[in-house]
Structures are given as structure tokens and as C-alpha cells.
Amino acid sequence: MTARVEFFFDLSSPWTCLAFHNLPGPLERTGATAMYRPILVGGVFNAVNPAVYAAREQADNRRLQHSWKVLKDWALLAGVPMNFPSQWHPAKSIAAMRFCCALEDDQAALIAFARAAFASYFGAQENLDDPDVLERVATEAGLDGAAIRTAAATDPVKARLRANTEEVIARGGYGSPTIFVDGDDMYFGNDQLPLVETALKR
């Protein structure tokens, strides 16, 4: 069965963490399935959304400051630990997303690793860019962390991450998570999951 939902994601995004934890609800209520697609959100920002970087540099950016409060409210509602931002923010996520790409063909393993990696970064405030941390997180999630680390360093996995990132840009994406329903119906972020569920019910 073809997945009706594509979830393009980067582990470094707190809003993606929330959407990842909240997406199963709409999927279960509609009977839909999802395909999780790792991307490098920095590559997306560089290509089509550089304003994100400018906003981060504005110390008096009220919208950004309020977004941290709203983020904590959403996390409380979802029951997701959100110790953010940490000393590692903004995180470099290329190592973590290569781990994810090494698992993309095994969606159950990818979901297990992503869930554990989100908890590591947003819960325990661990370094998302440290391969030692990533290997341990994978192993503690019941996966072969050493094998994933080896695979993540290969050229095919690196190329896959670039290709996924280029694909989401070409399809209109501008950040993480970018969510597609039935191929071309695009949504963005945790806040739009009710719209995703409505689309799945149509």
C-alpha cells in the first residue's frame, strides 16, 4: 500500500519533534500510513528560506521570543519533554540526518531511531552532532548503532540525503517538517496537522 503521507523532517527542529509525536494520531484516526523522509533543513533554508537566519540574529524579535513560549505550550499539550534551547542550539544535524538516511528503507527502524534522537536532543540536551552520541542512542533504541554509523558515512547515504533535500525544495518545501498528502497537497509544521487530518478524510 502506498503511503498517503510523506513526512520530510530534520531532527534539529523542535516543531518537527512535536509533529513527529503528534502525527500518529491523525494517521490512526484516518487509517493512513506515512513515509518518513530525512532531509537537511539547513540546505533548505540556504536555498529558499534564508530569512530564518536573519530572524535568529534579531535579539528583540518579538515573534521569535513568543514562539518559544508557544513551543513549550505545545510540548505540554503533547506530553513531550522540551528542554530547549540547549547549549547545542542551533544544532548541526548533518551527522544525525545521515544516520536517518541510512535507515530510510527500514521505516520501523527509522522511526525508532528518530524517536530516541528527539528525546536525546530535546529531552536530555545531548549533542545531536556527535556520532558517539548518535551511535549510543541508536544502540539503546535496540538498533545496531555501530553498523548505522558505518553506513551513514558512505557515499550512497550522503547522496540520498542531498537528493531528499533537493526533492523537498523542488516540491515547494521551505522548512521542517514539510508534509505532503497524496503527493502534492503540502502542509508545514505541527500546527497544520489538523489540516493534514482533514485532507486525509476527504
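Above this text is the structure in question.
Once a new chain begins, its residue numbering starts again from 1 and follows that chain's sequence as written. Only residues with pLDDT of at least 70 get local features here, since the model is predicted, and only at 80 or more are side-chain atom pairs given and counted; chain-wide, interface and lining totals rely on the full set of residues. To get the side-chain values, take all heavy atoms of the structure and skip hydrogens and water.

### What about the pairing of strand 2 (residues 34-38)?
Note the cut-off: Accessible area is worked out with a 1.4 Å probe on protein chains only. A residue is then buried under 20% of its type maximum, exposed over 50%, and partly exposed in between. For the purposes of this entry, the term helix denotes a DSSP run of H or I that reaches at least four residues, the term strand denotes a run of E that reaches at least two, and both are numbered from the N terminus. Pairing between strands is defined by DSSP: at least two bridges between the two strands are required.
Extensive coverage of strand 2 is indicated by the burial of four of its five residues. Direction of pairing for strand 1 (residues 5-9) relative to strand 2: parallel, over a ladder of five bridges. Among the inter-strand pairings, F8 is bridged to a residue of strand 2, identified as R37.

### Description of the nonpolar core
For soluble globular proteins, nonpolar side chains are generally found buried alongside one another. Condition: Only buried residues count toward a nonpolar core. Its members are Ala, Val, Leu, Ile, Met, Phe, Trp, Tyr and Cys residues joined through side-chain atoms within 4.5 Å. Two residues form a contact once any of their heavy atoms are found within 4.5 Å.
Counting residues in each nonpolar core, the largest one holds 50 residues, and the members touching the most others are F7, F9, L11, Y36, M82 and F113. When residues of this core are assigned to their parent elements, the largest contribution, eight residues, is made by helix 7 (residues 107-123). The contacts of F113, once residues within four sequence positions are left out, are L11, A96, F99, C100, L103, L134, V137, A138 and L143. The next biggest cluster of nonpolar side chains, apart from the first, holds five residues, and it includes F8, I39, V168 and F180.

### What to know about helix 11 (residues 193-201)
What counts here: What the arc measures is the spread of directions leading from the helix axis to the C-beta atoms.
Those residues of helix 11 lying buried are L193, V196, E197, A199 and L200. Looking down the long axis of helix 11, one finds its buried residues gathered within 160° of arc, a one-sided arrangement. At its buried positions, helix 11 is contacted by strand 1, helix 1 (14-22), helix 2 (24-30), strand 3 (178-181) and strand 4 (185-188).

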